[in-house]
Amino acid sequence: RASAEAALQEWMSAVLDPASRVTNFDIWGIMPEAGEQSCDFKVCDLAGPRGRDPKVTIEGQKQLMMKEAGTPVPLFACLYFSAGFGAYMTARFQINRRKRPTHNKLEYVRQAAGILTE
């Protein structure tokens with residue numbers, strides 16, 4: 001634990017140091033294999049009902065429903081790529097977005113609590 005803490009402090013110092021080299025790292029791409037015109041990659045959005053739990057009951061079991069996402073910008077994504085808890089919480093938040101920033105923050109808390117109590 002002490003070595004992890006020291007490593008984190010060292011990393012933070014490097015990040016905050018004005019002499020550190022700036023590196024772009026928040027843009028990535030999904031490219032087809034060499035010689036191919038397309039790749040087998042689909043992106044989807046959560047399509048469940050608004051509220052604390054977006055799951056629907058299918059054949060007696062609760063499941064997540066997805067819909068194919070639109071392509072706002074082809075072949076690259078900026079800033080947001082996540083998996084696991086963060087991705088699930090953000091997907092749930094998206095279908096419950098509010099008009100006010102304060103209400104959006106509370107919605108994130110509500111969705112996190114919903115996931116933890118599933």
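My aim in this report is to walk through the structure given alongside it, one point at a time. Here the structure is a predicted model, which is why all the values come from computation and not from measurement. (Residues numbered from 1 in each chain as written. Predicted model: local features only at pLDDT ≥ 70, side-chain atom pairs only at ≥ 80, totals over all residues. Heavy atoms only, no water.)

1. Describing the packing of aromatic side chains
Per the stated rule, a full pass over the model turns up one aromatic pair. Taken together, a centroid distance of 4.1 Å and an interplanar angle of 10° make the contact between F93 and Y108 stacked. Within this pair, whereas F93 is found in helix α2 (residues 85–94), its partner Y108 is found in helix α3 (residues 101–116), the two being separated by 15 residues in sequence. Residue classification places F93 among the buried residues on the basis of a relative accessible area of 2%. (Phe/Tyr/Trp six-rings, centres within 6.5 Å; stacked < 30°, edge-to-face > 60°. Helix = DSSP H or I, 4+ residues; strand = E, 2+ residues; numbered from the N terminus. Buried < 20%, exposed > 50% of the residue type's maximum accessible area, 1.4 Å probe, protein only.)

2. Side note on α3
Compared with the 22 Å implied by 1.5 Å per residue over 16 residues, the 23 Å span of α3 between its first and last C-alpha is a close match. Within α3, the full set of buried residues consists of N104, E107, Q111, A112, G114 and I115. Buried residues of α3, viewed axially, fall in a sector of 160°; they line one side. Across from the buried face of α3, at angles greater than 90 degrees, the exposed residues are T102, K105, L106, V109 and L116. (Expected span 1.5 Å × (residues − 1). Arc of directions from axis to C-beta.)

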